[in-house]
Amino acid sequence: MIGFNLIDEPWIPVRARADGRLVRVGIEEALLRAEEFSDLVGDVPTQVPALLRQVLLPVVADALGLPATFEEWGRRFAAHAFTSAEQEVLREYFTAHRDRFEVFDQERPFGQVAGLRTAKDETKSTALMVATAASGNNVPLFSSRTDADVYPLAVDEAVRWLLHVQCWDTAAIKSGAVGDSKVKAGKTTGNPTGPLGQLGVLVPMGTSLYDTLLLNSPILPGPQVGMPQWRAEKAASPEWDTRPAEALLDLWTWQSRRVRLLAEETGDGVRVTRVVLSAGDRLLELPDYEPHTAWKPVADKKAAAGARRPRRLASGRAIWRGMQALLDVEHADREHTSDLLMQLSGLRGEGEIDEDYPLRLEAFGAVYGTQSAVVEDLLHDAIPLPISALDRDGDVFELVVEATEQAEQLEKAINGLSHELRRALRAEPIPWDKGNRPGALVLHALDPLVRRMLAGVQTSGGDQDVLRRGQLAWELKAWEATRRIADQVIAAAGPGTFGGRVIEVGQNKVETLFSLGTAEGRFRKRLVEALPRAAEHRRRVVAERRAVDDERGEETA
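These figures come from a predicted structure and were not determined experimentally. Sequence order as written defines the numbering, with residues in each chain counted from 1. Totals for whole chains, interfaces and linings use all residues, but because this is a predicted model, local features are given only for residues with pLDDT of at least 70 and pairs of side-chain atoms are given and counted only at 80 or more. With hydrogens and water stripped out, all remaining heavy atoms of the structure feed into the side-chain values.

S.K.: Hey, could you run me through the pattern of salt bridges in this one?
M.R.: If charged atoms from side chains of opposite charge come close, those side chains can pair. Only one rule defines a salt bridge in this text: a Lys or Arg side-chain nitrogen within 4 Å of an Asp or Glu carboxyl oxygen. Under the criterion given, the structure shown has 39 salt bridges. Note that Asp 99 and Arg 100 form a salt bridge whose closest N and O atoms lie 3.9 Å from each other. Notably, a salt bridge pairs Arg 243 with Asp 281, separated by 3.7 Å at the nearest N-O pair. You can see Arg 243 sitting in strand β9 (residues 242-243) and its partner Asp 281 sitting in the loop between β11 (269-279) and β12 (282-283), a full 38 residues away along the chain. Within the structure, one salt-bridge network assembled from shared partners comprises Arg 24, Asp 43, Asp 156 and Arg 160. Starting at the N terminus, helices and strands are each numbered in turn, a helix being any DSSP run of H or I of at least four residues and a strand any DSSP run of E of at least two.

S.K.: Explain unusual backbone geometry to me, please; I cannot follow it from the model alone.
M.R.: Peptide bonds are trans in most cases, and residues, glycine excluded, mostly fall at negative phi. Phi at Asp 121 takes a positive value of approximately 55°, unusual for a residue other than glycine. By secondary structure assignment, the location of Asp 121 is in the loop between α4 (84-96) and β4 (124-125). The backbone phi angle of Gln 371 is positive, close to 60°, even though this residue is not glycine.

S.K.: I would appreciate a short explanation of the packing of helix α2 (residues 47-64) against α4 in the present structure.
M.R.: Closest axis-to-axis distance for the α2/α4 pair is 9 Å, and the angle between their directions is 105°. Classified by the angle between their axes, α2 and α4 sit roughly perpendicular to one another. Along the contact surface, α2 presents Val 59, Asp 62, Ala 63 and Leu 64, while α4 presents Glu 86, Val 89, Leu 90, Tyr 93 and Phe 94. The convention used is that axes are lines fitted to C-alpha atoms, helices contributing only their stretch in contact, and that angles between N-to-C directions extend from 0 to 180 degrees. Note that the term roughly parallel is reserved for angles under 35 degrees, roughly antiparallel for angles over 145, roughly perpendicular for angles of 65 to 115, and oblique for everything else. Contacts between residues were defined by any pair of non-hydrogen atoms, one from each residue, lying within 4.5 Å.

S.K.: Just checking my understanding: could you explain the packing of aromatic side chains for this structure?
M.R.: For any pair of aromatic rings, the description consists of the separation of the ring centres together with the inter-plane angle of the planes. Classification of ring pairs rests on two measures: the distance between centres of Phe, Tyr or Trp rings, Trp counted by its six-membered ring, which must be within 6.5 Å, and the angle between planes, read as stacked under 30 degrees, edge-to-face over 60 and tilted in between. Evaluated as defined, the whole model comprises 7 aromatic pairs. Ring geometry for Tyr 93 versus Phe 94: centroids 6.4 Å apart, planes at 75°, classification edge-to-face. Between Phe 101 and Trp 230 the ring centres are 5.0 Å apart and the planes differ by 50°, which places this aromatic pair in the tilted class. A residue pair is termed long-range when its members are at least 10 positions apart, and Phe 101 in the loop between α4 and β4 and Trp 230 in the loop between α6 (209-215) and β9 qualify at 129 residues. Each residue's exposure class comes from its accessible area (1.4 Å probe, protein chains only) as a fraction of the maximum for that residue type: buried when under 20%, exposed when over 50%, partly exposed otherwise. Relative accessible area serves as the criterion here: at 0%, Phe 101 is assigned to the buried category. On the accessibility criterion, Trp 230 (2% relative accessible area) is buried. The residue whose ring lies beneath Lys 182 is Trp 240, and the NZ or CZ to ring-centre distance is 4.7 Å. By definition here, charges over rings are those cases where NZ of Lys or CZ of Arg is within 6 Å of the ring centre and within 35 degrees of the ring normal.

S.K.: Before we go on, may I ask you to explain the sheet that holds strand β15 (residues 360-369) in this structure?
M.R.: Whether parallel or antiparallel, the strands of a sheet pair through hydrogen bonds between backbone atoms. Reading across from one edge, β8-β15-β16 is the order of the 3 strands in this open sheet, with antiparallel pairing throughout. At either end of the open sheet lies a strand with only one pairing partner, and these are β8 (201-205) and β16 (374-384). If you compare each strand with its neighbour and ignore which way they point, the axes differ by 20° on average. Should DSSP find at least two bridges between two strands, the strands are regarded as paired.

S.K.: Help me out: how do you make sense of helix α9 (residues 339-349) in this one?
M.R.: Each α-helix winds once per 3.6 residues, and so residues spaced three or four apart point in a common direction. Among the 11 residues that make up α9, 8 are buried, leaving the element largely enclosed by the rest of the structure. Every buried residue belonging to α9 is among Leu 340, Leu 341, Met 342, Gln 343, Leu 344, Ser 345, Leu 347 and Arg 348, and all of these are buried. Positive backbone phi, approximately 75°, marks Gly 351, located one or two places after α9.

S.K.: Looking at this model, I keep getting lost on the pairing of strand β10 (residues 257-266). Mind explaining?
M.R.: Here is the key point about a regular strand: its side chains alternate between the two faces of the sheet. As paired strands, β10 and β11 are joined by 10 bridges and run antiparallel to one another. Across the sheet, the residue bridging to Glu 265 is Val 270, located in β11. Taking the residues between adjacent antiparallel strands as the criterion, β10 and β11 are bridged by 2 residues.

S.K.: Explain the side chain of Arg 76 to me, please; I cannot follow it from the model alone.
M.R.: Here Arg 76 lies in helix α3 (residues 70-79). In this view, Arg 76 contacts Leu 64, Gly 65, Leu 66, Pro 67, Glu 86, Tyr 210 and Leu 214; residues no more than four positions away in its chain are not counted.

S.K.: Mind showing me how you'd approach the nonpolar core here?
M.R.: Nonpolar side chains in soluble globular proteins tend to be buried together. We define a nonpolar core as any set of buried Ala, Val, Leu, Ile, Met, Phe, Trp, Tyr and Cys residues linked to one another through side-chain atoms lying within 4.5 Å. Core analysis: the biggest nonpolar cluster contains 142 residues, and Trp 11, Ile 27, Leu 31, Leu 56 and Leu 261 have the highest contact counts within it. If near-sequence neighbours (up to four positions away) are discounted, Trp 11 is found in contact with Phe 4, Leu 6, Arg 24, Val 25, Gly 26, Ile 27, Leu 51, Val 55, Asp 156, Val 159, Arg 160 and Leu 163.

Shape is all these values report; function is a separate question.
Put into structure tokens, the structure is as follows:
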């Protein structure tokens, strides 16, 4: 029997705070030394929320319980490490449940079903679990690998991908397992994606793994916590069901697939080379206590009042572009942010977390294609998030929201400039949903500026003078970046725009001149409207220069 126990075998990649080294640790070391590690690191970014939700957070919550009050949360967070008493409880937990963390246990292998098999004893390449590997119809561009190729995984890799499958697997047809009464013709169809694949996953990150665990711990009384999958009374079987999540830990450790890892001794050591992967439990509905997603109202008129659904990430769209919704901490029949960020807003108000704490918000998502049967893209983004911005009535909230809205206005200004120059050339404007519009260049140029602005706000300590100077600096930099893109758009249009042409516009057929002069004039107006502080500063600087020049002229005369 091959032995690999997740409690002490090194399989979780973490980064050391002291020197930035990447090391692998077991669950016990990861938790008992949590203050010494800065980040979890996955083979792909989307493994990070899988490691948190499927293992680390449930272990802590099951062993120590979740904070029941703001005060308890604040006390734990202020410690920035597990106390000696908490460490002893964790050690006792690992001793009591050690057998449940054996990857190749004959009766209850972790996250798997013992003896899982198909009617024909078929197995698949482990590439089936790896979202970035070629498998079936899920073939990345330029991949030379086929299903017939062996895809050996070290045991630690295989476990990380096992957790990833439980969270993010595609909705492709699954092999029918012996013992599953719902199998038809050797297959199971109608599978949903893994539960995280239906969300835009928002994870607040701290300066250490310990802080991250607390930042992702909802404040809940004991009865609402439930138990993780490894403490279920019965071992998992091939039979699955459509059911509601029983409590938070059931949701976090949801077994959306039935899996069996098959390992063998090779010249390179133990490798997982084959896998059996079949259908697993389906969530009846996403519970309203799901803490890791933002929400928006259901647009369907037939939906119940107050019905909401999770906000998903859009490929190629930075998360700061939806900043107002991201910071909306009020419960209402409209979009609002995640429960964890709303909790942080309350903790800030109670003084349980400092406003200048260097919080980082990371977002994860998946884009599926062809009836969600293939992974087209895995999404990840991270921004510094000032905790003071979670106060809707505060200056920081207004500053941050205004800055991100300004970026959107500048995108529209550049697209408007391009639109009018193309009209002047007797060309059709680029459709909003097709082609590469030049406004995307502005958002690309502004992206690092927005992130720098957010980091500056985070370290300002709420100083109003610092915030005002930062706001002006942001607008001036945004002005320069947008102006450079505008010059490129104008240069690309060529000399044919000088004369322009008159076009009848609108329902009233108003004759309107489209030329370089009119297009640039309207663009300058939009630029001034979007960045009023930068415009005023530039006017003031020009006026001062003129005054100096006039004074010099008088002296010369």
